[in-house]
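A closer look at the structure
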Amino acid sequence: MSKIMAINAGSSSLKFQLFDMPSENIITKGIVERIGLKDSIFSITVAGEKKKETLDIPNHDTAVQILLEKLISNKIIHSFSEIDGVGHRVAHGGEIFKDSVLVTDEVLNQLEKLSELAPLHNPANVSGIRAFQKVLTDISSVAVFDTAFHQTMPESSYLYSLPIKYYQEYGIRKYGFHGTSHKYVSQRAAEMLGRPIEELRLISCHLGNGASIAAIKGGKSIDTSMGFTPLEGVVMGTRSGSVDPSIIPFIMKKTGKTADEVLTILNKESGLLGITGFSSDLRDIETKASEGDARALLALDIFSSRIHQYIGSYAARMNGVDAIIFTAGIGENSPTIRSKVLTGLEFMGVYWDQSLNYIHGEEAVISYPHSLVKVLLIPTNEEVMIARDVLRISDEMFVLS
Ligand code: ADP
């Protein structure tokens, strides 16, 4: 038995879950928010009860120190040596990292170089790794990448039709994200269907604030909707998803904004927020839609129709599909969106039960038994994948050494 910590460090937050492995029971979890700002917030669940404190946490180093001290003061562990490994979510592994990896100095250097591709995320992820390494000097850290699962995509999926030199010289290609989630739900889907993953063609719809669709054949990602950055693909909470790139210089000329400013609009002011003008949160939009708000209704239509189209295109790509998976905040919880996405897919053998579609937040098969294509709801669990990878990678290293 061992205790493994799964960490998701953002620029001003650090989420943690401590697992007992291999049972995968969560010992504790929590979040440090507003790191580097005034009145940082530390939350931790102790014996099922959430405790919240306002503290001064100027950086990730302090966040990690406080977190480890709180584990001791709340008697969750008695000494740091009880933690056997720490797994870190890392946004971008480029083409270097096709799987999770044990963190060494060389790996840290490579992650820093990859910050060029993920300037908002990788530096924060690296800060998180370094902060743990300072305190827990003897235990293994493993980096688990959002991009790694999609490294199996063929060239025909990941290359843009730009001059090839931009790929060769600058690494401009589709990388894809949410890989840990797509991998987790595809494995669970195979278990739920009782079939070997090698023979399955799956379409995984990760629909949260960020959203991406993946085509998974034989357990391997062969295409996904996010691209060089998470901006590409379907409509998201505040991201536009795919748009004609000529729109960018056009807005620049019309408004006098810089390219970076327009990009911020595409990332932060578009998507559901852009269309509705009042919220990026699907719950707010569903409430307004139920009151007849025209733009809320339009946002629901646009959001679901893009996903519907991806499903059709990925089914074509794989010469058929065995199951469609819904996951993440919206995928797990919104019967409205699922219904709008699935309606009209009967032509390809998708028959789902309206009465089961109201299930939310738990695993379920909502297709009819006779449906050629199964429809699955699977709550994602990126943290448990991180903990599993810490064990797997540490064991592989142990065998090799
Ligand atoms: P993130 O990408 O930030 O991890 P989440 O996976 O938590 O996002 O998903 C957030 C989205 O899920 C929000 O749009 C939220 O409104 C939506 N959501 C959460 N619960 C429900 C619900 N019960 N009904 C409809 N939408 C929901």
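Up top is the structure these notes are about.
Structure report, in brief. (Residues numbered from 1 in each chain as written. Predicted model: local features only at pLDDT ≥ 70, side-chain atom pairs only at ≥ 80, totals over all residues. Heavy atoms only, no water.)

If you tally the helices and strands in the protein, you get 14 helices and 14 strands. Here the protein has a C-alpha radius of gyration of 22 Å; the compact-globule value for 401 residues is 21 Å, and the two agree. Counting only C-alpha atoms and orienting by the principal axes, one finds that the protein spans roughly 60 × 55 × 50 Å. Counting every position in the protein, which comprises 401 residues, the buried fraction comes to 49%. For the protein, long-range pairs separated by at least 24 residues make up 61% of all intrachain contacts whose partners lie at least 6 apart in sequence. With the model as given, the accessible surface of the protein reaches about 18500 Å², and the carbon-plus-sulfur share is 53%. Side-chain charges in the protein split into 39 positive and 47 negative, and the spacing between the mean points of these groups amounts to 4 Å. (Helix = DSSP H or I, 4+ residues; strand = E, 2+ residues; numbered from the N terminus. Rg over C-alpha atoms; globule rule 2.2 N^0.38 Å. Buried < 20%, exposed > 50% of the residue type's maximum accessible area, 1.4 Å probe, protein only. Contact = heavy atoms within 4.5 Å. Areas by Shrake-Rupley, 256 points an atom, 1.4 Å probe, with all protein chains shown as cover. Lys, Arg positive; Asp, Glu negative; His and termini not counted. Charge placed at Lys NZ, Arg CZ, Asp CG, Glu CD.)

Here strand 2 (residues 14-21) pairs with strand 3 (residues 25-33) via seven bridges, running antiparallel. Opposite Lys-15, over in strand 3, you have Ile-31 as the bridge partner. What sits between the antiparallel neighbours strand 2 and strand 3 is a turn of three residues, in which Glu-24 has the positive phi angle 70°. Pairing of strand 3 with strand 4 (residues 40-46), which is carried by four bridges, proceeds in the antiparallel orientation. Paired with Gly-30 across the two strands is Ile-44, which belongs to strand 4. (Pairing = 2+ DSSP bridges.)

As a matter of local geometry, the ligand sits amid Gly-208, Asn-209, Gly-210, Asp-281, Leu-282, Arg-283, Glu-286, Ala-328, Gly-329, Ile-330, Asn-333 and Ser-334. Contacts to the ligand include Asn-209, whose side-chain N or O atom sits 2.9 Å from an oxygen atom. Isolated, the ligand exposes 580 Å² of accessible area, and the fraction of that covered by the protein chains is 68%. Of all the secondary structure elements, the ones that give two or more residues to the shell around the ligand are helix 10 (282-290) and helix 12 (328-333). The element that contributes the greatest number of residues to the shell around the ligand is helix 12, accounting for four residues. Looking at the shell around the ligand residue by residue, the classes come out as three nonpolar, six polar and three charged. (Near = heavy atom within 4 Å. Polar contact = N/O pair within 3.5 Å; in protein donor to acceptor, adjacent residues only side chain to side chain. Nonpolar A, V, L, I, M, F, W, Y, C, P; charged D, E, K, R; others polar.)

Moving on: the nonpolar core. Ranked by internal contacts, the top residues of the largest apolar core, which has 43 residues, are Leu-207 and Ile-324. Looking at this core, the elements that each hand over two or more residues are strand 9 (201-207), strand 10 (211-217), helix 9 (271-276), helix 10, helix 11 (294-317), strand 12 (323-327), helix 13 (335-342) and strand 14 (374-377). When residues of this core are assigned to their parent elements, the largest contribution, nine residues, is made by helix 11. Sequence-distant contacts of Ile-324, that is, excluding residues within four places in its chain, are made with Ile-203, Cys-205, Ile-311, Leu-342, Leu-345, Val-350, Val-373, Lys-374, Val-375 and Leu-376. Core analysis: the second largest hydrophobic core is formed by 26 residues, Ile-4, Phe-19, Ala-190 and Val-384 among them. (Core = buried A, V, L, I, M, F, W, Y, C linked by side-chain atoms within 4.5 Å.)

Another aspect to go through is the sheet that holds strand 3. Spatial ordering of the open sheet is given by 5-4-3-2-1-6-8-7, a layout of eight strands whose pairing is mixed. One side of each edge strand has no neighbouring strand; the edge strands of this open sheet are strand 5 (49-55) and strand 7 (101-102). Strand direction decides the pairing type here: strand 6 (residues 83-90) and strand 8 (residues 140-145), joined by six bridges, are parallel. By the bridge assignment, Val-86 is partnered in strand 8 with Ser-141. Its contacts with the sheet put helix 3 (residues 122-135) on strand 1 (2-9), strand 6 and strand 8, and the angle it makes with strand 6 is roughly 170°. (Axes fitted to C-alpha atoms, helices over the stretch in contact; angles between N-to-C directions.)

What follows is about the layout of surface pockets. Roughly 350 Å³ of volume is contained in the second largest pocket. Residue lining of the second largest pocket: 23 residues in total, with Lys-98, Asp-99, Ala-148, Phe-149 and Lys-183 positioned closest to the centre. Mapped by element, the contributors of at least two residues to the lining of the second largest pocket are strand 8, helix 6 (179-193), strand 11 (220-224) and helix 14 (382-400). Per-element tally for the lining of the second largest pocket: the top contributor is helix 6, with five residues. The residue inventory of the lining of the second largest pocket, partitioned by class, reads six nonpolar, 10 polar and seven charged. (1 Å grid on protein atoms, 1.4 Å probe; cavity = no way out; pocket = protein on both sides within 12 Å on 5 of 7 lines; lining within 4 Å. Points joined across faces, edges and corners; volume = space filled by probe spheres on them.)

With mixed pairing, six strands are arranged side by side in an open sheet as 11-10-9-12-14-13. The open sheet terminates on both sides in strands that have one partner only, identified here as strand 11 and strand 13 (364-365). Sitting on the sheet, helix 11 touches strand 9, strand 10, strand 11 and strand 12, and the angle it makes with strand 9 is about 160°.

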